[in-house]
Amino acid sequence: MKDSLTHRLRRLPGRRAAPHGSGPGPSWVTLLTQGHGPLALALFMIISIVVTGFILPPTEHLASLMVVVPATTAVLAGPGTTTLSAALSCVAAFVLDVHDNLLGTSIPAVHQLEILLVSAFVIASRSIRDRSVRELMEVRIVSDTIQRVLLRPLPPRIGPLLVRAAYHASHPYAQIGGDLYAVARSAAGVRFLIGDVKGKGLPAVEDAEALLGAFRGAARRFGSLPELVADLEHSIRGHFEETGRTDSDAVERFITALVLEVPDDCAEIHVVNCGHPPPYMARRSGTLLLSPATPSPPLGLGSLDAGDYVVDTFPFGREATLLLYTDGAIEARNDDGQFYDLGAHVATWPGSRPEELLQHVLDGLSLHVGGGAIKLDDDIAMIAVQYGDGFPSPSPAPSDERLLTS
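Residues numbered from 1 in each chain as written. Predicted model: local features only at pLDDT ≥ 70, side-chain atom pairs only at ≥ 80, totals over all residues. Heavy atoms only, no water.

Enquirer: What is the right way to look at the layout of surface pockets in this model?
Expert: Sizing a probe to match a water molecule and rolling it over the atoms shows the empty space that remains. One number sums up the size of the largest pocket: a volume of about 310 Å³. Taken together, 17 residues line the largest pocket, and the ones lying closest to its centre are Arg284, Glu319, Trp349, Gly351 and Ser352. Those elements that provide at least two residues to the lining of the largest pocket are strand S7 (280–283), strand S8 (286–289) and helix H9 (342–347). When grouped by side-chain class, the residues that make up the lining of the largest pocket number seven nonpolar, six polar and four charged. (1 Å grid on protein atoms, 1.4 Å probe; cavity = no way out; pocket = protein on both sides within 12 Å on 5 of 7 lines; lining within 4 Å. Points joined across faces, edges and corners; volume = space filled by probe spheres on them. Helix = DSSP H or I, 4+ residues; strand = E, 2+ residues; numbered from the N terminus. Nonpolar A, V, L, I, M, F, W, Y, C, P; charged D, E, K, R; others polar.)

Here's what the structure looks like:
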């Protein structure tokens, strides 16, 4: 990634956009590549060469320079504009040859042939490039649609809760990887899932999809968290067994996961932690790490008996903000090899809204790993959750803000 992590995060809801006209103006490259810019540049080059040719003595022949015009136009514009610039170049070259008294020689024909050959080559190259770009964009649109179906944007408000999320995939052309999150409304309250597949990038997407599908189907059916987690374990084991028929590494795979439930009164939260980094709770009185009393094994290695899963209960309250995250947020290293101290950074959060907490964490992560030149080798997912009553209605913008990786 060439830009800072903060700048690669799509604008979080609640952050005001810059007023119209306050940002930097369009660059010269933008001006040349939009509208009639390429044709204007071609005309400028043609006029400059013709004027220079008329100023110089007739012994100085500049008509051959006209091949530069269609070659330059093809870089900035499509085949149509390039063809027009090539035709104008041929006319201008003929005018220069007449001025230089070359009509009785073979030189004008050579000049015309040069322009036509170069123009044909650059127009063909530009046509092939444009077709490839269109095909790539179509594939990208399909890919983005599929990825957003797998990892659906979280609603900005669900039940009594405000929800914000951020995601960064380690693969440069992916929006999702091995990290995952989901939310569902149930009779017991709002249930959250955040998980991390062993591995990263595209190979882990299939496992992430299996867990997301299992959670979405089971979150509303089971009354207790242990029953829900046991069902997720059953589903993931079946998935690994099926993929193991064609992938020998499937037997070594697992998924760390945390399933969290917030009842509608928001007085407390219930958590089953399956080998996942524990969440933080930011309050005015301080920041708490919600470590499990008895952590369960990751999914794929756990028990099918609901009685084997321990539910940890923590007080929540209306002034608290939860931060759920994956290990990519705490395993990011700086140039000295030091890990990012997420807890210490959360403790310095001065804000009050969940999107502000995410932005605060991402700003700190950006500074920790190098500011403007960041390379993160792991997927990162984060969710910030807060009791919503007493706060203004959230922005209609989606709460699922992806980190751009292209």
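Enquirer: So what exactly am I meant to see when it comes to the nonpolar core here?
Expert: Proteins that are soluble and globular tend to have nonpolar side chains buried together. Counting residues in hydrophobic clusters, the biggest one holds 60 residues, and the most contacted among them are Phe192 and Ile269. Counting 20 residues, the second-largest nonpolar core is a separate cluster that includes Tyr340, Val361, Leu362 and Val369. (Core = buried A, V, L, I, M, F, W, Y, C linked by side-chain atoms within 4.5 Å. Buried < 20%, exposed > 50% of the residue type's maximum accessible area, 1.4 Å probe, protein only.)

Enquirer: How should I be thinking about the pattern of salt bridges in this particular structure?
Expert: Counted by the stated rule, this structure contains ten salt bridges. A salt bridge links glutamate 355 to arginine 164, with the shortest nitrogen-to-oxygen separation between them at 3.3 Å. Of the two residues, glutamate 355 is situated in helix H10 (residues 354–368) and arginine 164 in strand S2 (residues 161–168); the sequence distance between them amounts to 191 residues. The exposure classification of glutamate 355 matches that of arginine 164, with both residues buried. The salt bridge involving glutamate 233 is made with arginine 237; its shortest N-O contact spans 2.8 Å. (Salt bridge = Lys/Arg side-chain N within 4 Å of Asp/Glu carboxyl O.)

Enquirer: What's the story with the pairing of S7 in this structure? I'm lost.
Expert: For a regular strand, side-chain orientation follows a simple rule: the groups alternate between the two sheet faces. Here S7 pairs with S8 via four bridges, running antiparallel. Bridge assignment links tyrosine 280 to a residue of S8, and that residue is leucine 289. Counted along the chain from S7 to the antiparallel partner S8, the turn is two residues long. Sheet topology note: the S7/strand S10 (residues 321–325) ladder contains three bridges and is antiparallel. (Pairing = 2+ DSSP bridges.)

Enquirer: Help me understand the environment of leucine 260, please; the structure alone is not making it clear to me.
Expert: Positionally, leucine 260 belongs in strand S5 (residues 255–262). In this structure leucine 260 comes out as buried when scored by relative accessible area, which is 0%. Along the chain, leucine 260 and valine 190 lie 70 residues apart, while their C-alpha atoms are 8.2 Å from each other. Look past the residues within four positions of leucine 260 in its chain and what remains in contact with it is Val190, Arg191, Phe192, Ile269, His270, Val271, Leu322 and Leu324. (Contact = heavy atoms within 4.5 Å.)

Enquirer: Explain the packing of aromatic side chains to me, please; I cannot follow it from the model alone.
Expert: Where two aromatic rings form a pair, the distance of their centres and the angle of their planes describe that pair. For the structure on display, the rule yields two aromatic pairs. Measuring from centroid to centroid gives 6.0 Å for tyrosine 167 and tyrosine 181, while their planes differ by 70°, and the two rings are edge-to-face. One end of the pair, tyrosine 167, is in strand S2; the other, tyrosine 181, is in strand S3 (residues 179–186), with 14 residues separating them in the sequence. Each of the two residues, tyrosine 167 as well as tyrosine 181, counts as buried. Here the aromatic rings of tyrosine 280 and tyrosine 325 are separated by 5.8 Å at their centres, their planes lie at 25°, and the arrangement is stacked. (Phe/Tyr/Trp six-rings, centres within 6.5 Å; stacked < 30°, edge-to-face > 60°.)

Enquirer: Can you help me understand helix H3 (residues 37–55) in this one?
Expert: It helps to recall that an α-helix has 3.6 residues per turn; residues three or four apart then point in one direction. The end-to-end C-alpha distance of H3 is 27 Å, a good match for the 27 Å that 19 residues give at a rise of 1.5 Å each. Taken residue by residue, H3 has Gly37, Pro38, Ala42, Met45, Ile46, Ile49, Val50 and Gly53 as its buried positions. (Expected span 1.5 Å × (residues − 1).)

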